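What follows is the residue order along each chain.
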Amino acid sequence: MLQLFKFKGGVKPATNKTQSVTLPIAVAPLPSRLAVPLHQSIGGTPRPIVQPGDKVLKGQKIGEADGWISSAVHAPTSGTVIEVGLYPAAHPSGLTAPSVVIEPDGEDRWIERQPVDYKSLEPETVRELLREAGVVGLGGAVFPSHAKTQASKSVPMEELVINGAECEPYITCDDLLMRERAEEVVRGAGIFRDLLKPKRVLIGIEDNKPEAITAMTAAVKALGSEFAEFQVVPVPTRYPAGGAKQLIRVLTGKEVPSSKRSTDMGVQCFNVATAYTAWRAVAHGEPVISRLVTLTGNVGEPRNWEVLIGTPMGELLHIAGPKADTDGIIMGGPMMGFLVPDPKAPVVKATNCLIAHSPALFPPKPPEMPCIRCGSCAQACPHELQPFEMYWFSRAKNFGKTQEYALFDCIECGCCAFVCPSRIPLVQYFRFAKSEIWSREREKKAADSAKSRFEFKQLREERDKAEKAEKLAKAAAAQAAKAAAAAAGAANAPAEAVTVPADDAEAAKKAAIAAALERARAQRAQAEPRNTEQLTPEQQAQIDEIEARRAQAGATAAVEPPETGKNS
Amino acid sequence: MMLAALAVMALGAVILGAALGYASIKFKVEGDPLVEKIESLLPQTQCGQCGYPGCRPYAEAISKGEAEINLCPPGGAEGVRKLADLLGREAKPLEAEEKPKQVAVIDENTCIGCTLCIQACPVDAIVGAAKQLHTVVGPLCTGCELCLPPCPVECIAMATIPETVDNWKWKYPVVEVRKAA
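Residues numbered from 1 in each chain as written. Chains lettered and ligands numbered in written order. Predicted model: local features only at pLDDT ≥ 70, side-chain atom pairs only at ≥ 80, totals over all residues. Heavy atoms only, no water.

Undergrad: Please provide a residue-by-residue account of the overall build of chain A, values included.
TA: A count of helices and strands for chain A gives 15 helices and 17 strands. Computed over the C-alpha atoms, the radius of gyration of chain A is 38 Å, more than 25% above the 24 Å expected from 2.2 N^0.38 for a compact globule of 568 residues. The principal-axis extent of the C-alpha atoms belonging to chain A is close to 120 × 65 × 50 Å. Counting the 568 residues in chain A, one finds 46% classified as buried. In chain A, 74% of the contacts between residues at least 6 apart in sequence involve partners at least 24 apart. Carbon together with sulfur atoms contributes 55% to the accessible area of chain A, which is approximately 28600 Å² in total. For chain A, the separation between the mean place of its 68 positive charges and that of its 67 negative charges on side chains is 6 Å. (Helix = DSSP H or I, 4+ residues; strand = E, 2+ residues; numbered from the N terminus. Rg over C-alpha atoms; globule rule 2.2 N^0.38 Å. Buried < 20%, exposed > 50% of the residue type's maximum accessible area, 1.4 Å probe, protein only. Contact = heavy atoms within 4.5 Å. Areas by Shrake-Rupley, 256 points an atom, 1.4 Å probe, with all protein chains shown as cover. Lys, Arg positive; Asp, Glu negative; His and termini not counted. Charge placed at Lys NZ, Arg CZ, Asp CG, Glu CD.)

Undergrad: Describe helix α4 (residues 210-223) of chain A, naming the residues involved and giving the relevant values.
TA: All names here are of chain A. Taking 1.5 Å of rise per residue, the 14 residues of α4 would be expected to cover 20 Å, and the 20 Å separating its terminal C-alpha atoms lies within 8% of that figure. Of all the positions in α4, only Ala212, Ile213, Ala215, Met216, Ala219, Val220 and Leu223 are classed as buried. Axial view of α4: buried residues confined to an arc of 165 degrees, hence all on one face. Those residues of α4 that are exposed and aimed more than 90 degrees away from the buried face are Thr214, Lys221 and Ala222. Buried residues in α4 make contact with α2 (173-180), α3 (182-196), β10 (200-206) and β11 (230-235). At the exit of α4 stands Gly224, carrying a positive phi of roughly 80 degrees. (Expected span 1.5 Å × (residues − 1). Arc of directions from axis to C-beta.)

Undergrad: Requested: an account of the domain arrangement of chain A, with residues and values cited.
TA: All names here are of chain A. When cut into domains, chain A gives domain 1 (18-357) and domain 2 (375-515). Using only C-alpha atoms to locate each centre, domain 1 and domain 2 end up separated by 43 Å. Domain 1 puts 8 residues into the contact, and the matching count from domain 2 is 11 residues. The junction of domain 1 with domain 2 conceals about 740 Å² of combined surface from both sides, 55% of it contributed by carbon and sulfur atoms. Contact with domain 2 buries surface across domain 1, with Gln246, Met335 and Met336 losing the most and accounting together for 52% of the total. Counting every contact that joins domain 1 to domain 2 gives 0 salt bridges. Counting every contact that joins domain 1 to domain 2 gives 4 residue pairs in polar contact (both at pLDDT 80 or more). Here the side of domain 1 that touches domain 2 is composed, by residue class, of 4 nonpolar, 2 polar and 2 charged. (Domains from an automatic or database assignment. Buried area = accessible area lost by both parts, 1.4 Å probe. Salt bridge = Lys/Arg side-chain N within 4 Å of Asp/Glu carboxyl O. Polar contact = N/O pair within 3.5 Å; in protein donor to acceptor, adjacent residues only side chain to side chain. Nonpolar A, V, L, I, M, F, W, Y, C, P; charged D, E, K, R; others polar.)

Undergrad: Hey, could you go over the packing of aromatic side chains for me, with residue numbers and the actual values?
TA: Residues and elements named next belong to chain A. Counted under the stated rule, the structure contains 12 aromatic pairs over all chains. Summarising the aromatic geometry, the rings of Phe227 and Phe230 are spaced 5.0 Å apart at their centres and angled 70 degrees between planes, so their arrangement reads as edge-to-face. Pairing Phe408 with Trp438 gives two aromatic rings, centres 5.5 Å apart and planes at 50 degrees, and the pair type is tilted. With Phe408 in the loop between α10 (399-404) and α11 (415-419) and Trp438 in helix α12 (residues 426-492), the pair connects residues that are 30 residues apart, well separated along the chain. (Phe/Tyr/Trp six-rings, centres within 6.5 Å; stacked < 30°, edge-to-face > 60°.)

Undergrad: Mind laying out the pairing of strand β17 (residues 353-357) of chain A, listing which residues take part and the relevant values?
TA: Residue and element names in this part refer to chain A. Counting buried positions along β17 yields 5 of 5 residues, so the element is predominantly enclosed. Burial along β17 is two-sided: the residues Cys353, Ile355 and His357 and Leu354 and Ala356 are all buried. Bridging between strand β13 (residues 290-297) and β17 involves 4 bridges; their strand directions are parallel. Note that in β17 the partner of Thr294 across the bridge is Cys353. (Pairing = 2+ DSSP bridges.)

Undergrad: Any chance you could break down the sheet that holds β10 of chain A for me, citing the residues and the numbers?
TA: Residue and element names in this part refer to chain A. With parallel pairing, 4 strands are arranged side by side in an open sheet as β11-β10-β9-β12. The open sheet has two edge strands with one neighbour each: β11 and β12 (267-271). The sheet shows a mean angle of 25 degrees between the axes of neighbouring strands, taken without regard to direction. Strand direction decides the pairing type here: strand β9 (residues 159-163) and β12, joined by 5 bridges, are parallel. Across the sheet, Glu159 pairs through a bridge with Val267, a residue of β12. Packing of α3 onto the sheet brings it into contact with β9, β10, β11 and β12, and relative to β9 it is tilted by some 150 degrees. (Axes fitted to C-alpha atoms, helices over the stretch in contact; angles between N-to-C directions.)

Undergrad: Please set out the side chain of Thr115 of chain B residue by residue, giving values where relevant.
TA: Residues and elements named next belong to chain B. As for its position among the elements, Thr115 is in the loop between β1 (102-106) and α5 (116-120). Using a relative accessible area of 17% as the deciding quantity, one classes Thr115 as buried. When sequence neighbours within four positions are dropped, the list of residues in contact with Thr115 reads Ala129, Ala130 and His134.

Undergrad: If you had to explain the domain arrangement of chain B to someone new, which residues and values would you point to?
TA: All names here are of chain B. Domains assigned within chain B are domain 1 (33-87) and domain 2 (102-160). Distance between the C-alpha centres of domain 1 and domain 2: 25 Å. Across the boundary between the two partners, domain 1 contributes 5 residues, which contact 5 residues of domain 2. Interface of domain 1 and domain 2: buried area, both sides summed, is about 360 Å²; carbon and sulfur atoms make up 59% of it. The largest contributions to the domain 1 side of the interface with domain 2 come from Thr45, Gln46 and Cys47, which together make up 81% of the buried area. Taken together, domain 1 and domain 2 are joined by 0 salt bridges. Put simply, domain 1 and domain 2 have 1 residue pair in polar contact (both at pLDDT 80 or more) between them. In terms of residue class, the side of domain 1 that touches domain 2 is built from 1 nonpolar, 4 polar and no charged.

Undergrad: So what's going on with the interface of chain B and chain A? Residues and values would help.
TA: Contacts between the two partners involve 28 residues from chain B, matched on the other side by 33 residues from chain A. With both sides pooled, the region where chain B packs onto chain A buries about 2800 Å², and carbon together with sulfur makes up 58% of that total. By the criterion of area lost to chain A, the three top residues of chain B are Val165, Trp170 and Tyr172 of chain B, representing 25% of everything that side buries. The residue Arg460 of chain A makes a salt bridge to Asp124 of chain B at a minimum N-O spacing of 2.9 Å. Our enumeration of links across chain B and chain A arrives at 11 residue pairs in polar contact (both at pLDDT 80 or more). Sorting the residues of the side of chain B that touches chain A by element identifies α2 (33-41) and α5 of chain B as the ones contributing at least two each.

Undergrad: A description of the nonpolar core should follow, citing residues and the corresponding values.
TA: Within the largest apolar cluster, 77 residues are counted, with the highest numbers of intra-cluster contacts made by Met216, Met331 and Leu354 of chain A. Counting residues in hydrophobic clusters, the runner-up holds 22 residues, among them Tyr391, Cys410, Ala417 and Phe430 of chain A. (Core = buried A, V, L, I, M, F, W, Y, C linked by side-chain atoms within 4.5 Å.)

Undergrad: Run through α2 of chain A, naming residues and quoting values.
TA: Think of an α-helix as 3.6 residues a turn; residues three or four steps apart then line up on the same face. Of all 8 residues that make up α2 of chain A, 6 are buried, and the element is covered over most of its length. The set of residues buried in α2 of chain A consists of Cys173, Asp174, Asp175, Leu176, Leu177 and Met178 of chain A.

Undergrad: An account of the sheet that holds strand β14 (residues 303-308) of chain A is needed here, citing residue identities and associated values.
TA: All names here are of chain A. Reading across from one edge, β1-β14-β13-β17-β15-β16 is the order of the 6 strands in this open sheet, with mixed pairing throughout. Each end of this open sheet is capped by a strand with a single partner; those strands are β1 (26-27) and β16 (338-339). In this fold α2 packs onto β13 and β14, with an angle of close to 125 degrees to the strand it touches most, β13.

Undergrad: Run through the environment of Gln40 of chain A, naming residues and quoting values.
TA: All names here are of chain A. The topology assignment puts Gln40 in the loop between β2 (34-37) and β3 (47-48). As for Gln40 and Arg442, which are separated by 402 residues in sequence, their C-alpha atoms are 22 Å apart. Not counting the four nearest positions on each side in its chain, Gln40 is found in contact with Val73, Val136, Val142, Ile309, Val348 and Lys349.

Below, the structure written as C-alpha cells:
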C-alpha cells in the first residue's frame, strides 16, 4: 500500500455531491445557438479561420492556435456561422469576448475523423495533435495539455499524477466520468505516460467516491500488463485535495516550490477529464467540443450532462428544471466559482459545474467584521500562507508587501474565507490585489517600451540631422572647389571671357558646363576599351571570326535554349 | 616626540586625502541617480503636458526642485503619490483632471497622408508615408495627444481603451456599512 502524505490546512465543507450522482450521464439537447469563445485556454488567443455565412461541420477547426502555449477551438456541431465577434463571456466581469456564433443545422454531421495509432508517431507529432485537437486542462485551469507533456531535461520523471480527487462541493462530473468511462480515462492517461515516461502513474481519487475507485481499479486491471505501473489511490476527503499541488503532496510527499515547475521535481499532474479528451482526440480523431457539466443546486433534477462547448448557460440550466426562486447561476463550485453575470454566457472548456443559485441555498453573508488576527485562516490555508497579513496589505493597497507574503502562491481556494469568524471576503481582496499588480506590471512594461522608442526616435533624429549637415557641408565644399576651378579656368580662358566682364557670372557658368562636358568626355574615354584601336589585320580577322561564331550560336540559342545548371 | 606626532598626523592626512581624491575620480557618478529614479516613476508618454519637453526633462526639473510633482496627468494621483513617497514631499492633488487611458485613432476616410503626425509622434507609433494612408499602431500609442494639433484635416481622434476580459480588474471589495444595533 502506498504511503500517503498530508497537506497542511484544508477544510471540510458539506460535499453536496449525492444529489447529482443518482442518474447516469445524459447528452444535452442541441441548443438553438452556440457561441464558442476563441480564447478558452491559457496563452495566445486563437485566430478565427471562419467567416459569417460559412458552413461548418462538427469538429471542424474554427480557431487556429496562436503560439505554442495556445490551443485550437472547434465547431461543436454542424451548422452555419452567423457571427464572428464579441459575445458575452463566461467570466465574472460580464464583459464580451471574441467568439464564433454558430446556428446548428440539426444534422450534427462530423468532419472526417482520423483516428491514429499514437505509438507509431513521434512524441512531437502527438503533442502537435493534442494542440490541434484543443486538449486543455479540464480541471478548471485550462492550461494547454500538450505543453505539459515535456519532461524536464535534468530531472527524470518519477510520478505522473492523474487527478480524480474532485474535492469541490456539488461537482460530480469527474466522478461520473470515472464511473462510466474508466477505460478511456486510463488509456488517455496512458498517452501522457508514454509522452512523459514516468516510473509510476498514480490516480488519486477522494475516498468519498467508492464507485469511481472501483471502476478505475477494475479498468486498470482489465487493461493488463501494459498499464502495470498504474495505481488507483484513494485519498482522504478534505478540500482542496484536488488542487494540483495538494494532490502531488498527498501522493508523493513532494512540495513544488512556486519558482519551479512540477516537472522540475519529476512529477506532473493531469485531470481525469483531460486524459479522457486526449484519448478521444488521438484514438477517435474527435477534438474537444463537449464536456461533462454537473447541473445542480436549486434544480428539480440534478444530473451530469454531456454538453457542447458554446451552449448558453441559461438555456442549459433549463433542462435541469430550476426551481422558481432561482436567481442566478454559479459557474464552478461554491468555493471557487463565480456568479455568472449574463445567462447568455456559453459553457466553455473550464465549465465543470453550473449551480442554480437561490437565497435559500446560499444565504447572503452577514456583514464583514474587523479582522481579530485569530490566525484561523493561516491554519486553514493549504499553501501555508498567512492570509491575514495578505489581507491587511491588500486592503491598504500595499501591493509590494502582499507579494512579499507570496500572494501569487495563493490558489484562491477559499479555505481562509470559509473559516474566517469575521466573515471577511479574503479571496476577493487577494483577487483585487493580484489583478492590480498585473495591471501595474502591464503599465510598467508599456512605459519601458515607450521610453526606449522615444529614445530611439531622438537618436535617429539626431543622426539624420548630423548626416544631413555632413552632406550639405560636402556639397558646399564641392561647390566652392568648382567655383574656384571655374574662376581659374576663366582667368586662363581666351580673350572673349575677358572681353565680356559684364557676363562674368554667366561666363563662369558656361565655363563650368564646359568643364563638366570635358570631364564627362574624359570619363567616357576611360571607360571604353583601349585595345580595340590600331589592330593588326590578323587580329581583325580573328575578331570577325569570333563575331560570326557568336551570331550563329545566338541564332541556335534562340531556337533551342542551352541546358544550364547541369553541373551545379 | 611632538614632531613625530605631527608627522604621523600629517602623513595620515596626505594618505587619506590621496585616497579620497582617487576615489572621487574612480567612482565618479555620471548624472544624477535621483533623476533616474524619478523618471522610472513617470509614465513615459512624452506628452509634454507638464510643460517640459518629455519625461526626462520633467524628472530633471523635479530633482532640481524647479517643478511641482503634480503636473503629470497621465501618471494620475497614483503617480503623484509615488513621487511624493520617493521625494519625501507632500502629495498634492493633480493640477489637471485625470483621464482614462486613450489611444489615437486616424479616420482613414479623411487622412491625406501628410506625414505631419508621424513626425509629431514621440514614440514612433504611427506608420505611413507621404500621400499614403497613415495608421496608429494601437499597442504602441501612449495617448499623449501630440499628433492632434499638427493634423491639417483633424482626422485624428482619441478613443478610450475599452475594458476587455484581458485588462479587466477585480474591484476593491465593498465594505458594507450598517448601523450598530
